[in-house]
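An overview of the molecular structure
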Amino acid sequence: MKTPSAYENELKRIESIYHEHKGRYGYRRIHLALINEGIKLNHKTVQRLMG
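Below or above, wherever it landed, is the structure these notes cover. (Residues numbered from 1 in each chain as written. Predicted model: local features only at pLDDT ≥ 70, side-chain atom pairs only at ≥ 80, totals over all residues. Heavy atoms only, no water.)

Structural notes on the pattern of salt bridges
Side-chain pairs of opposite charge can arise whenever the charged atoms involved come near each other. Formally: Take a side-chain nitrogen of Lys or Arg and a carboxyl oxygen of Asp or Glu: if they are within 4 Å of each other, that pair is a salt bridge. In DSSP terms, a helix is any run of H or I states spanning at least four residues, a strand is any run of E spanning at least two, and both are numbered starting from the N terminus. For every residue, the accessible area (1.4 Å probe, protein chains only) is compared with the maximum for its type, and the residue is labelled buried under 20%, exposed over 50%, or partly exposed between those bounds.
Throughout the structure, instances matching the rule amount to three salt bridges. Between Glu-8 and Lys-12 there is a salt bridge, and its shortest N-O distance comes to 3.9 Å. In this pair, Glu-8 and Lys-12 both sit in helix H1 (residues 8-20), four residues apart, roughly one turn of the helix. Accessibility expressed as a relative area gives 36% for Glu-8, which makes it partly exposed. A salt bridge links Arg-13 to Glu-20, with the shortest nitrogen-to-oxygen separation between them at 3.3 Å. The partly exposed category is assigned to Arg-13, whose relative accessible area is 23%. Among the ionic contacts, a cluster of salt bridges with common partners joins Arg-13, Glu-20 and Glu-37.

Here it is, written out as structure tokens:
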């Protein structure tokens, strides 16, 4: 069985932001979009989740 990820909700939001902007947003712009929504994540965490 697969254990639930600690960043499951954040990962779903990252994917939705990425697809909303048709793949044009990289980890830097997605990180800023998350901060604007009130989701505090380190930029390295965003980059790792996108990989």
